[in-house]
Amino acid sequence: MATFILGLVILFVGAFIYGKFCEKVFGPDDRETPAYSKQDGVDFVPMSGWKNMLINLLNIAGTGPIFGPIQGILFGPIAFITIPITCVIGGAMHDYMSGMICLRDGGTQMPTMIRKYSNKGVYGVYQVFCSLLLLLVGAVFIYTPGDIFATQICGFSGKPNDPTTWIIYGAIFAYYLIATVFPIDAIIGKIYPIFGAILLFSAVGVFIGMLVKGYPLLNVWDDWQSPALAAFVNNSDGVAQAFSYGDYFSANHFIPIFFITVACGMLSGFHSTQTAIISRTMKSEREGRNTFYNMMILEGFIAMIWAGAAMGVYNLGMREAIASGATATVGAVCKDILGSVGGIIALVGIVVLPITSGDTALRGLRLAIAEAFHIDQSSNSKRLSLSAVIFALVAVILVFAKMNANGFNILWRYFAWSNQTLSLFAFLAVSVWMFENGKSKYVWVPLIPGAWYAFITITYIMNAKIGFNIPWGGAYAIGVVSAIAYVAIICVYGKKRAAKLSNK
């Protein structure tokens, strides 16, 4: 438990210090925000600070900070240290800087930000990459909450041949369509406070319950063995043996697998597409630290809760969680800690998380496409016609993932990898922005996590079966070279851009 508590201290103390530093680097002021200068009653709408914070939190916190840590904690208690450090210097900084630059540039969406601070080639790749990711997010965040609601709350089978599965998916689809088409304050601005209350009950309830019940959490200095799992983990001869987090750590390549698996609780490229949406509803630049940086820290806190809760039930030997994977682990934790009624409420809060990310993911995709191709979105009918195309593509992905025996695994792997890869574009744009705005001495702020994730994502896709299937030695070498090239290219390009501006 001591390592878990230490991780929380790193998360919150680090956030206070580094968040304040990032705010100083950017330099928010009192200029008029696009919520006022471009007010249109649909996407550019002034909203209160607490509402923007809550909407942004619900936008970015999907099933990633729950399912990712549940799988990632198998690497052992080192996760309790890795998650907060990466969240503070990587994920929260990424969300803050990308959101604030979009805000200052007139509430632009991320594709426009990438186009402004790179070139046509990079912009074209980003536009395709971002669109594919948001489609995957839409599909994943219908699939996962739908299955949790069906199996853990309603007691249905959740199988593709069960009509209730598709009825639940259809209901989520209908909500997404409404939230995508209508003005942001008409639907999202009104329903999210209710969702937020359920979310807070879920997260805080699990956290307090885990501490009160004394879940057995290992420390980094302990023997990384879990004897309670001996009855469920067998060797090749069928003889029971204790599960070793240390063996899992060594055998499954902590670097890069852990950083791809946990994803959203530490860093997510998807988040920049969501902070861009909120940049259109903020009343003041000075709200940015709470709205962007601190909300990512809360997502890191959610990730820590679920990493700890998962390790607790694993170490207690709960058969259901061990045998059936992440979805069953979620149910086991909620019901063990909060009882039947409280567990159901907590599960509803967990269902809320991906739903409130999926709706704005598809909204963000609609806005990005409309902005890129200059498609008028002034009326409901025009927004609906563009949304119909987007939803048809999501439906195809969803049906494939559900009907194919290995469909969801394929979908999740591409989603997780592309999510992290997308952040490299944001780090690039933030770095170039710093060069252009006389802040080159701080360019290390985005370049350190950018270089690390260039190494992580390239190494992963080089080795992965869904990628190039290159042996680990070669994959690591390519990853190192790619990270060095990433930093060098950005520095050279950024300096040239800054020099051109100074000569005008």
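Scroll up a little and you will see the structure.
Summary of the structure given here. Note that the structure is a prediction, hence the values are computed from the model and not measured. (Residues numbered from 1 in each chain as written. Predicted model: local features only at pLDDT ≥ 70, side-chain atom pairs only at ≥ 80, totals over all residues. Heavy atoms only, no water.)

1. Some thoughts on the packing of aromatic side chains
Next up, step 1: Considering all chains together, one arrives at 30 aromatic pairs under this definition.
Next up, step 2: Taking 5.1 Å as the distance between ring centres and 10° as the angle between the ring planes, the aromatic pair formed by Phe26 and Trp433 counts as stacked. Of this pair, Phe26 sits in helix H1 (residues 2-26) while Trp433 sits in helix H17 (residues 407-436), placing them 407 residues apart in sequence. Assigned by exposure class, Phe26 and Trp433 land together as buried.
Next up, step 3: Pairing Phe254 with Phe258 gives two aromatic rings, centres 4.8 Å apart and planes at 25°, and the pair type is stacked. Within this pair, Phe254 and its partner Phe258 are both found in helix H11 (residues 254-262), separated by 4 residues, close to a single helical turn. Here the two residues Phe254 and Phe258 agree in accessibility, since each one is buried. (Phe/Tyr/Trp six-rings, centres within 6.5 Å; stacked < 30°, edge-to-face > 60°. Helix = DSSP H or I, 4+ residues; strand = E, 2+ residues; numbered from the N terminus. Buried < 20%, exposed > 50% of the residue type's maximum accessible area, 1.4 Å probe, protein only.)

2. Describing the pattern of salt bridges
Next up, step 1: Going through the model one piece at a time under the given rule, you end up with 12 salt bridges.
Next up, step 2: Its salt-bridge partner being Arg104, residue Asp29 comes within 3.6 Å of it at the nearest N-O pair. Here Asp29 is found in the loop between H1 and helix H2 (34-37), whereas its partner Arg104 is found in helix H5 (residues 79-104), with 75 residues between them in sequence.
Next up, step 3: Between Arg286 and Asp30 there is a salt bridge; the shortest N-O distance is 2.8 Å. Residue Arg286 is found in the loop between helix H12 (270-278) and helix H13 (288-316), and its partner Asp30 is found in the loop between H1 and H2; the two are separated by 256 residues along the sequence.
Next up, step 4: Using a relative accessible area of 46% as the deciding quantity, one classes Arg286 as partly exposed.
Next up, step 5: Accessibility expressed as a relative area gives 62% for Asp30, which makes it exposed. (Salt bridge = Lys/Arg side-chain N within 4 Å of Asp/Glu carboxyl O.)

3. Here's the deal with unusual backbone geometry
Next up, step 1: Following Ile255, the chain continues to Pro256 via a peptide bond in cis, the omega torsion being 15°.
Next up, step 2: Take Pro256: it is sitting in helix H11.
Next up, step 3: Its identity as a non-glycine residue notwithstanding, His374 has a phi of 55°, on the positive side.
Next up, step 4: Mapped onto the elements, His374 comes out in the loop between helix H15 (326-373) and helix H16 (380-403).
Next up, step 5: Given a relative accessible area of 70%, His374 falls into the exposed group.

4. Observations regarding the packing of H1 against H13
Next up, step 1: The interhelical angle for the contact between H1 and H13, taken along N-to-C directions, is 170°, at an axis separation of 11 Å. As the angle between them shows, H1 and H13 are arranged roughly antiparallel. Here the hand of the crossing between H1 and H13 comes out right-handed.
Next up, step 2: For the contact of H1 with H13, the per-class residue count stands at 13 nonpolar, 5 polar and 3 charged. (Axes fitted to C-alpha atoms, helices over the stretch in contact; angles between N-to-C directions. Parallel < 35°, antiparallel > 145°, perpendicular 65-115°, else oblique. Left-handed = near helix turned anticlockwise from the far one by under 90°. Nonpolar A, V, L, I, M, F, W, Y, C, P; charged D, E, K, R; others polar.)

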